[in-house]
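# Structure assessment
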Amino acid sequence: MSRIERVHAREVLDSRGKPTVEVEVTCTGARPGRAIVPSGASTGKFEAVELRDGDDARLDGTGVLQAVANVRGEIASAIIGMDANDQQSIDHRLCELDGTDNKSRLGANATLGVSLATAYAAAESKGVQLVEHLGEIWQECRESNPNLADPLAGRGHGALGNGPLLPLPMVNMISGGRHAGDNIEFQDFLVLPVGAKSYRQALDWIVTIYRRLGELLCERGYEGVLVGDEGGFGPKLRSNEEAVELVIAAIEAAGLEPGTDAMIGLDVASTEFYADGTYQLAENGGQRLSSDGMIDLLADWVDRYPIISIEDGLAEDDWDGWKRLTERLGDRVQLIGDDLFVTNSVRLQRGIDTGTANSVLVKLNQIGTLWETLETIRLAIENGYLPVVSARSGETEDATIADLVVATGAGQIKVGSIVRSERLAKYNQLLRLEEHLNGANYIGRDVFRPLKADG
Ligand code: PGA
Ligand code: ZN
């Protein structure tokens, strides 16, 4: 038993200089475990609630002192004396204490901070690394549902969810939308180094591609380009499509083969430009596309470019459109629901039941506890959906998701670009884990084996 003795919280700052919650949980006789909560910008409306003070006199209302007080007071009283190894009971207690569907009373920033710091505290108490402790909790989560005895049975996968695995990174090269001052509408143009032999090689390739892309932007006259919130270049391009062309050119300039060594991913984040039932793009003098118009646009790109992954191609409420998108592209392309599913097993179950999407973005703070996040990963894997563990656009030095993706064997991680230290905190932790777990495989393109066209 690792008895929780102390629970403490404070307000710190994230990568956008916005206040966020840091929590320390200490077990008897051990060093404190500490975690910091991230924060999104292009948030989905069904996410768990991030509690902000709303008092305009201080930091324009963005303070999180109420969430901090909730941790120090009500939550501390409820969990002191509990066993930090029993993540399920701790997280269940947090949900019960909050009492709402969306953590709006105590704040998902309060509950997640406590939930993650508890995992770190348990690892400290046992004298193991976080990745090992998370591996044990993941095992418990799997065993609490007998269906996962044979993950992806009949779908020819089996590699996911079975112990430590180095993930395929989806790395942001060009940023748009809310993360780069609305320069272009689509939010992320990503590279997926599917052909690399190891995680380290994948990262080498990514760094080279990023450098070549910087040079290409200068050559095309986009001088002095700054980076967006996640470190991707944020040029004011002529069109969204130009971003795809540029990333492909950068892969080639790095001496790699698009489609074989590296493939393209998009986070359209279309909820952000969906209004009055249409998708509103500045392209071609201002387009107003229906769902089917968007599907045609994306299908046309998939025919012409080596695109293997599309996130939020349609908006969070457009379930009918999403179903048609899945029918059209779901056997060739990973279709990730971010705003659509918000890491919520109830929404993901609706997707499974209706044949909507084939992948789910996993963001801890969208749901607000570690155990619920593990349950969503489990639900995805047992139904043949690919989980992608993701950071937020507002991040910190906290690198928990690197350990999480490896421990669960979820298979993919999306953290942003390879500049800015809050991003590197995760990529560098993965390098350490690769060394620590020598023998753990890099999954590379195998992660897409369930997609028929990828063979
Ligand atoms: P967010 O962006 O953290 O601003 O929501 C990340 C994403 O949309 O995937
Ligand atoms: Zn997204």
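In what follows, the structure referred to is the one given above.
Residues numbered from 1 in each chain as written. Chains lettered and ligands numbered in written order. Predicted model: local features only at pLDDT ≥ 70, side-chain atom pairs only at ≥ 80, totals over all residues. Heavy atoms only, no water.

### Digging into the side chain of E22
Along the polypeptide, E22 turns up in strand β2 (residues 19–27). E22 gets classed as buried once you look at its relative accessible area, which sits at 7%. A polar contact is formed between the side chain of E22 and the side chain of R10, at a distance of 2.5 Å. In contact with E22, not counting residues within four places along its chain, are H8, A9, R10, V12, R34, A35 and I36. (Helix = DSSP H or I, 4+ residues; strand = E, 2+ residues; numbered from the N terminus. Buried < 20%, exposed > 50% of the residue type's maximum accessible area, 1.4 Å probe, protein only. Polar contact = N/O pair within 3.5 Å; in protein donor to acceptor, adjacent residues only side chain to side chain. Contact = heavy atoms within 4.5 Å.)

### Thoughts on the coordination of the zinc ion (ligand 2)
Every protein donor of the zinc ion (ligand 2) is accounted for by D267 (OD), E311 (OE) and D338 (OD), and the metal-donor separations fall at 2.1 to 2.2 Å. Take E311: its relative accessible area is 0%, and that puts it in the buried class. (Donors = N, O, S within 2.8 Å, 3.2 Å for Na, K, Ca; no water.)

### Details of the environment of E272
Position of E272 relative to the elements: it lies in the loop between β6 (263–267) and β7 (274–275). We classify E272 as partly exposed; its relative accessible area is 29%. Here the alpha-carbon distance between E272 and T43, two residues 229 residues apart in the chain, equals 9.0 Å. Ignoring any residue separated from it by four or fewer positions in sequence, one finds E272 in contact with S42, T43 and R178.

### What about the packing of helix α2 (residues 87–98) against helix α3 (residues 108–126)?
In contact at an axis separation of 10 Å, α2 and α3 are set at 165° when each is read in the N-to-C sense. When the axis of α2 is compared with that of α3, the two are roughly antiparallel. In terms of crossing hand, the pair formed by α2 and α3 is right-handed. Taking contact as the criterion, the partners of Q87, I90, D91 and L94 in α2 are, on α3, T111, V114, S115, T118 and A119. Here the contact of α2 with α3 is composed, by residue class, of four nonpolar, four polar and one charged. (Axes fitted to C-alpha atoms, helices over the stretch in contact; angles between N-to-C directions. Parallel < 35°, antiparallel > 145°, perpendicular 65-115°, else oblique. Left-handed = near helix turned anticlockwise from the far one by under 90°. Nonpolar A, V, L, I, M, F, W, Y, C, P; charged D, E, K, R; others polar.)

### Notes on the nonpolar core
Counting residues in each nonpolar core, the largest one holds 146 residues, and the members touching the most others are F186, F189, L266 and I310. With ten residues, the single largest contributor to this core is helix α5 (residues 199–219). (Core = buried A, V, L, I, M, F, W, Y, C linked by side-chain atoms within 4.5 Å.)

### What about empty space enclosed by the protein?
In total, this model carries two cavities of 30 Å³ or more according to the counting rule given. Each pocket or cavity is described by its volume, and for the largest cavity that value is around 110 Å³. Lining the largest cavity are 15 residues; nearest its centre among them are P38, L364, E395, D398 and I401. Contributing elements (two or more residues each) for the lining of the largest cavity: α10 (364–367) and α12 (400–408). Here the residues of the lining of the largest cavity sort into seven nonpolar, three polar and five charged. The volume enclosed by the second largest cavity comes to roughly 90 Å³. The element that contributes the greatest number of residues to the lining of the second largest cavity is strand β14 (residues 412–416), accounting for three residues. Per-class residue counts for the lining of the second largest cavity are three nonpolar, seven polar and six charged. (1 Å grid on protein atoms, 1.4 Å probe; cavity = no way out; pocket = protein on both sides within 12 Å on 5 of 7 lines; lining within 4 Å. Points joined across faces, edges and corners; volume = space filled by probe spheres on them.)

### What to know about the site of ligand 1
Around ligand 1, a shell composed of 14 residues is seen, among which A41, H179, R392, S393 and K414 lie nearest. Contact between ligand 1 and Q187: an oxygen atom at 2.9 Å from a side-chain N or O atom of the residue. E311 is positioned such that a nitrogen or oxygen atom in its side chain is 3.2 Å from an oxygen atom of ligand 1. Here ligand 1 loses 99% of its free accessible area of 280 Å² to cover by the protein chains. Structurally, ligand 1 is housed in the second largest cavity. (Near = heavy atom within 4 Å. Areas by Shrake-Rupley, 256 points an atom, 1.4 Å probe, with all protein chains shown as cover. Sits in = over half its atoms within 2 Å of the grid points.)

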